[in-house]
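# An overview of the molecular structure
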Amino acid sequence: MLPLLLVAMSEVAGHDPVAEALARVTSLKGYRLTLRSQGSGDEEVIHYSYRHPGDVRMDMESPFRGAVLIYRHATGKVRLWPFGSPGRRAGLSLRPTNRMVRSSRGHRVDQSDVATLLRNVQRLQQHGSTRRLDPGTHDGRPVQHVTVEADPGRSVNEVSRYDLWLDDETLFPLRVASYDRRGERLESVLLEDVRLDPDFPHDHFTP
């Protein structure tokens, strides 16, 4: 068992799957997916769209069904339509730090993209270890399972360990779990129905 573990760690040392995943993600023009997040509160289900270099749209399924958030990087502001129907109503203009547009765990819409997640994982790598576990499948797709764990006493935004399941072909994350210093799970996120470089409607981010 120990020799196999050392081999796995040696492979990661010369071949960083997190860095490769980040490079792939930052090369995309955009993506769409359904995000299912489970933490200490209720499940959040969001239809999520991202367009380079930083536009985000969230169509809420739960817990606030029908609400729509759009963040435009050019303005640095979030538009919120609490009852849906963007374009028919003016919407509320808010800062990304406003509590009305932050998740139950305090995540900000302007820091919600996959590249930001992977950069947080890299911050944990700087003071921790990276292991590639046995390949597996997720929802029928081959995946690489990678664990990044901080050195004792270290954390990034309360997270001391990340487990990532990366699509074996695209390296796009399909599942992410985060844990605190005690090993208790903080959040588990599924990224479903992923579409890379989709054609967005012309008014998708500017209704």
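Right, let's get into the nonpolar core. Ranked by size, the top nonpolar core spans 41 residues in total, and within it Y31, Y48, M58, L118 and F172 carry the most contacts. When residues in this core are grouped by element, the largest group, five residues, is from helix α3 (residues 114–125).

Take the pattern of salt bridges next. Using the criterion set out here, one finds 10 salt bridges in the structure. A salt bridge links D163 to R161; the nearest nitrogen and oxygen atoms lie 3.1 Å apart. What makes R161 partly exposed here is its relative accessible area of 24%.

So, about the layout of surface pockets. Empty pockets left among the atoms are what a rolling probe the size of a water molecule brings to light. By volume, the largest pocket is sized at about 1,200 Å³. In this structure, the largest pocket is lined by 48 residues; those nearest its centre are S103, H107, R108, S112 and E187. If you tally residues by element for the lining of the largest pocket, the top one is α3, at five residues. Here the residues of the lining of the largest pocket sort into 26 nonpolar, 12 polar and 10 charged.

As a further point, take helix α2 (residues 17–26). What α2 keeps buried is the set P17, V18, A21, L22 and V25. In a view along the axis of α2, the buried residues occupy a sector of 135 degrees, so they form one face of it. The N-cap of α2, judged by a side-chain oxygen 3.0 Å from the amide nitrogen of V18 a few residues on, is D16.

This part takes up the packing of α2 against α3. Here α2 crosses α3 at 155 degrees, and the two axes come no closer than 10 Å. Put simply, α2 runs roughly antiparallel to α3. Crossing geometry of α2 relative to α3 is assigned as left-handed. Judged by residue contacts, V18, A19, A21, L22, V25 and T26 of α2 engage V114, A115, L118, R119, V121, Q122 and Q125 from α3.

Secondary-structure assignment places H138 in strand β8 (residues 136–138). Using a relative accessible area of 18% as the deciding quantity, one classes H138 as buried. When the C-alpha atoms of H138 and N98 are compared, they prove to be 35 Å apart, with 40 residues separating the residues in sequence.

What counts, and at which threshold
Residues numbered from 1 in each chain as written. Predicted model: local features only at pLDDT ≥ 70, side-chain atom pairs only at ≥ 80, totals over all residues. Heavy atoms only, no water. Core = buried A, V, L, I, M, F, W, Y, C linked by side-chain atoms within 4.5 Å. Buried < 20%, exposed > 50% of the residue type's maximum accessible area, 1.4 Å probe, protein only. Helix = DSSP H or I, 4+ residues; strand = E, 2+ residues; numbered from the N terminus. Salt bridge = Lys/Arg side-chain N within 4 Å of Asp/Glu carboxyl O. 1 Å grid on protein atoms, 1.4 Å probe; cavity = no way out; pocket = protein on both sides within 12 Å on 5 of 7 lines; lining within 4 Å. Points joined across faces, edges and corners; volume = space filled by probe spheres on them. Nonpolar A, V, L, I, M, F, W, Y, C, P; charged D, E, K, R; others polar. Arc of directions from axis to C-beta. Polar contact = N/O pair within 3.5 Å; in protein donor to acceptor, adjacent residues only side chain to side chain. Axes fitted to C-alpha atoms, helices over the stretch in contact; angles between N-to-C directions. Parallel < 35°, antiparallel > 145°, perpendicular 65-115°, else oblique. Left-handed = near helix turned anticlockwise from the far one by under 90°. Contact = heavy atoms within 4.5 Å.

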